[in-house]
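Letter by letter, the chains look like this.
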Amino acid sequence: MGDDRFTPDDADELARCFVAHAPRLFGHACVLARGDRAQAEDLVQATFEAAARAWQTLRGLAEGQLRGWLWTTLDHLAASSFRREAAFRDRLARIEARYRKTPADPSEQAFSSIVLERCWRIIQEMPERQHAVALLRWRLDMKEAEIAEILGMAETTVSTQLHRARRKLIAQLGPDHPFPHDDPQGPSS
Amino acid sequence: MRDRGGTGSSREDSREDELLSGLYQQVAETQEPQFAAGYDLQAGLDRYRGWLGEHSEAAARPGRPEWSADLAVIELYTTQYKALVRLAAMLVRDTQTAEEVVQDAFIAMHDGWHRLKDAEKALAYLRQAVVNRSRSVLRHRVVIEKNAPKPPPDMPSAEHGAMALFERSAVIAALRDLPERQREALVLRYYGDLSEAQIAGAMRISRGAVKSHTARAMAALRAALEDD
């Protein structure tokens, strides 16, 4: 992370950076925190604290790169808030490198606003652990092995949780979505 | 719900993964702007500025390149003297000797000022000097006590008001019976209000040793106080 000192001049730059990015970053954080504004505010604050410590490196970045760094850092802070054991920081650099590039739009498929709204409700009602696994998999694009490592879970637990989240989402989204209806009209045994 | 008998990544799973990623992304894209619009930027900025103010380089180290020895000693004397005397008194167990110990430490610091760059280092130096001098007072006293009968414990410092009152308390009595290193560690921690690292520095021992001295001292104190 380089030199983690910053001067009052840096502080002014950081404050400007905060004004420019904090609102949208907060929006992003709110979705990760499933609407918990207080947690989102803490995540934003922690992200900009990290930015201050890394400012000697960050100040030279282009706007897009800086934005990428902020978003990625917040993602990892959010991910680590799910994790129980405390060995996350060591892995941060490796994971960070992976997310430097902005993820390509994974789907050209547009969902209707009804489906999106319903999905948001389902996400909000998921048990904490299931939500964490689902978020890291589908929103932060991590592999099961990485999720297991970050959350300190067995990989089989991650698979099981993902499987449940997957079934729950697809089952509860209703009929109006493009998932393969491999089992139409409800459950069969 | 149908159990597909496995959780591996079949082709169907990866098609679903792609759709679910898209779904999550679109959910985020619709929700984020709404939350962003409700953000209290002023409150967030105030909080961040507060943090920046506390952590910027200027705040962490008051910039005093030309801090002279006299000024520094006066400032430290005003702010730290009492606390250091209290610290020394806990170690040597009488206030008058404690004051002498602390004054000696200040004089030594003034003489060696060119080696000290800032207030933080000066304070660490002072504390260590106090600990060292207290130790040698105690060593000296052991030699003297071999030749002279011990005075009644409460007598010498009874004049010193609050300090004497303090010294008569049960805790202090129990503290006196602790082995020297344990007492030192405990005194530095709770009366000197030093961190583990600072204590390790002042006593010239490892942090692990500080931990174990403190833990043993606490256990002994607890046992002693329960006996009463």
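Higher on the page you've got the structure.
Everything numeric in this text was worked out from a predicted model, so none of it was measured.

**Observations regarding the packing of aromatic side chains**
Inference 1: What the rule picks out here adds up to eleven aromatic pairs over all chains.
Inference 2: Relative to Y81 of chain B, the ring of Y77 of chain B has its centre 4.7 Å away and its plane inclined at 25 degrees; by these criteria the two rings are stacked. Taken together, the positions of Y77 of chain B and Y81 of chain B, both in helix α4 (residues 69–92) and four residues apart, correspond to about one turn of that helix.
Inference 3: Among the residues examined, Y77 of chain B registers a relative accessible area of 35% and is labelled partly exposed.
Inference 4: According to the relative accessible area criterion, Y81 of chain B is buried, its value standing at 14%.
Inference 5: An aromatic cluster of three or more residues is present, and its members are F6, F18 and F48 of chain A together with Y48 and W51 of chain B.

**What to know about the interface of chain B and chain A**
Accessible area lost on assembly of the parts is the figure often given for the size of an interface.
Inference 1: Opposite the 39 residues of chain B that make contact, chain A presents 61 residues.
Inference 2: At the boundary of chain B with chain A, total buried surface from both sides reaches about 5,000 Å², with 64% on carbon and sulfur atoms.
Inference 3: Among the residues chain B hides against chain A, the three largest losses belong to Y24, F35 and Y48 of chain B. Together they make up 16% of the total.
Inference 4: Linking chain B with chain A are six salt bridges, by the criterion used here.
Inference 5: In this assembly, chain B and chain A are joined by twelve residue pairs in polar contact (both at pLDDT 80 or more).
Inference 6: Secondary-structure elements contributing two or more residues to the side of chain B that touches chain A are α1 (11–37), α2 (41–55) and α3 (57–60) of chain B.
Inference 7: Broken down by element, the residue count for the side of chain B that touches chain A peaks at 20 residues, all from α1 of chain B.
Inference 8: Split into classes, the residues belonging to the side of chain B that touches chain A amount to 16 nonpolar, eleven polar and twelve charged.

Conventions used here
Along every chain, residues carry numbers that run from 1 in the direction the sequence is written. Written order decides the labels, with chains lettered from A and ligands numbered from 1. Local features in a predicted model are, by the rule used here, given only for residues with pLDDT of at least 70; side-chain atom pairs are given and counted only at 80 or more, and totals for whole chains, interfaces and linings are based on all residues. Side-chain numbers come from the whole structure's heavy atoms, not from hydrogens or water. In this analysis, rings of Phe, Tyr and Trp, with Trp reduced to its six-membered ring, are considered paired at centre separations within 6.5 Å, and the interplanar angle assigns stacked below 30 degrees, edge-to-face beyond 60, and tilted for intermediate values. Note on conventions: DSSP H or I runs of at least 4 residues are helices, E runs of at least 2 residues are strands, and numbering of each starts at the N terminus. For the exposure calls, accessible area comes from a 1.4 Å probe over protein chains only, and a residue counts as buried if that area is under 20% of its type's maximum, exposed if over 50%, partly exposed in between. The contact criterion used is simple: two residues touch if any of their non-hydrogen atoms lie within 4.5 Å. A quick way to say it: buried area is the sum, across both parts, of accessible area lost when two parts are put together, with a 1.4 Å probe. Definition used for salt bridges: Asp or Glu carboxyl oxygen within 4 Å of a side-chain nitrogen of Lys or Arg. The definition of a polar contact used here is a pair of N or O atoms within 3.5 Å, where within protein one atom must be able to donate a hydrogen and the other to accept one, and adjacent residues in sequence count solely through side-chain atom pairs. Charged residues are taken to be Asp, Glu, Lys and Arg, nonpolar residues to be Ala, Val, Leu, Ile, Met, Phe, Trp, Tyr, Cys and Pro, and polar residues to be all remaining types, Gly included.

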